[in-house]
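# Structural overview
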Amino acid sequence: MSHRQRLAIIVFTSISYFLLYRFNMSLFGSLNFSHRVDWIFLPSGLRLAFVLLFLADGAIGIALASTLITYLLYFDGNYVSMMLNGSMAGLAPYLARQVAIHYFQLDKNLKNLKVIGILKISALFAAISALVHQLWYFWNGKTDDFIASALVMMVGDLLGTLIVLFALKIMVQSFSFLKKAPD
């Protein structure tokens with residue numbers, strides 16, 4: 001893949017993630033539980049989908065968008081913290097992908113990914129993402145109740161991931177069906 005294609009993927013994932021984050025906040029912002037913890041978090045689905053599809057380039061795009069979101073909405077004057085927040089958003093789905101390949105025998109090219117596989121990797125990703133983020137927020141004093149915030153974040157990430165991944169799966173199947181329709 002050329003550098004231009006990789007850059008296009010990074011830009012596409014960044015913009016898409018940023019826009020879905022803003023959309024999620026307008027839809028479900030009132031369902032916020034604690035610092036950056038939502039009961040439904042649709043962008044988590046894009047995190048996982050983009051990393052599954054675009055690997056490191058997807059993770060980089062997510063990390064860049066999350067860093068920008070942190071700067072625009074949650075910046076506390078600490079640039080290191082801002083960069084680490086953004087990096088965790090891209091790293092968590094990448095780590096979940098690697099664990100799923102190793103332990104769940106997820107095919108690297110996502111061939112024959114079935115509903116049970118989507119459920120497994122979504123739950124794994126939600127757990128990894130929530131634990132990584134909440135450990136960081138707890139350590140930095142952004143959340144007082146690590147366990148409650150981690151559990152709610154896990155639920156929100158899982159719901160958002162399942163909604164987005166199944167919507168993408170339906171769209172791909174519909175597109176495939178339309179493509180195969182006789183003239």
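Look above for the structure.
Residues numbered from 1 in each chain as written. Predicted model: local features only at pLDDT ≥ 70, side-chain atom pairs only at ≥ 80, totals over all residues. Heavy atoms only, no water.

## Focus on helix H3 (residues 79-103)
Side chains three or four residues apart in an α-helix point the same way, a direct result of the helix having 3.6 residues per turn. The end-to-end C-alpha distance of H3 is 35 Å, a good match for the 36 Å that 25 residues give at a rise of 1.5 Å each. Where H3 bends most, at Met88, the angle is about 25°. The N-cap residue of H3 is Asn78: its side-chain oxygen and the backbone nitrogen of Val80 are 3.0 Å apart. Where H3 terminates, the next one or two residues include Gln105, which has phi positive at roughly 55°. (Helix = DSSP H or I, 4+ residues; strand = E, 2+ residues; numbered from the N terminus. Expected span 1.5 Å × (residues − 1). Bend = angle between axes of the 7 residues up to and from the residue. Polar contact = N/O pair within 3.5 Å; in protein donor to acceptor, adjacent residues only side chain to side chain.)

## Considerations on the packing of aromatic side chains
Under the defined criterion, the tally for this structure stands at eight aromatic pairs. Considering the side-chain rings of Tyr17 and Tyr21, the 6.5 Å spacing of their centres and the 40° angle between planes classify their relative orientation as tilted. A residue pair is termed a helical-turn pair when its members lie 3 or 4 positions apart in one helix, as Tyr17 and Tyr21 do in helix H1 (residues 3-28) at four residues. In this structure, Tyr17 and Tyr21 share a single accessibility class: buried. Where Tyr21 meets Phe41, the ring centres are 5.7 Å apart and the plane angle is 80°; that geometry is what we call edge-to-face. (Phe/Tyr/Trp six-rings, centres within 6.5 Å; stacked < 30°, edge-to-face > 60°. Buried < 20%, exposed > 50% of the residue type's maximum accessible area, 1.4 Å probe, protein only.)

## Quick word on the layout of surface pockets
Summary: where empty space remains is shown by rolling a probe the size of a single water molecule over the atoms. Approximately 370 Å³ is the volume found for the largest pocket. As for the largest pocket, its lining consists of Ala49, Leu52, Leu53, Leu110, Leu113, Ile118, Leu165, Leu168, Lys169, Val172 and Gln173. Contributions of two or more residues to the lining of the largest pocket are made by helix H2 (43-74) and helix H5 (146-180). Take the lining of the largest pocket: its biggest share by element is five residues, from H5. Residue classes in the lining of the largest pocket are distributed as nine nonpolar, one polar and one charged. (1 Å grid on protein atoms, 1.4 Å probe; cavity = no way out; pocket = protein on both sides within 12 Å on 5 of 7 lines; lining within 4 Å. Points joined across faces, edges and corners; volume = space filled by probe spheres on them. Nonpolar A, V, L, I, M, F, W, Y, C, P; charged D, E, K, R; others polar.)

Geometric descriptors of this kind do not, in isolation, establish any biological role.
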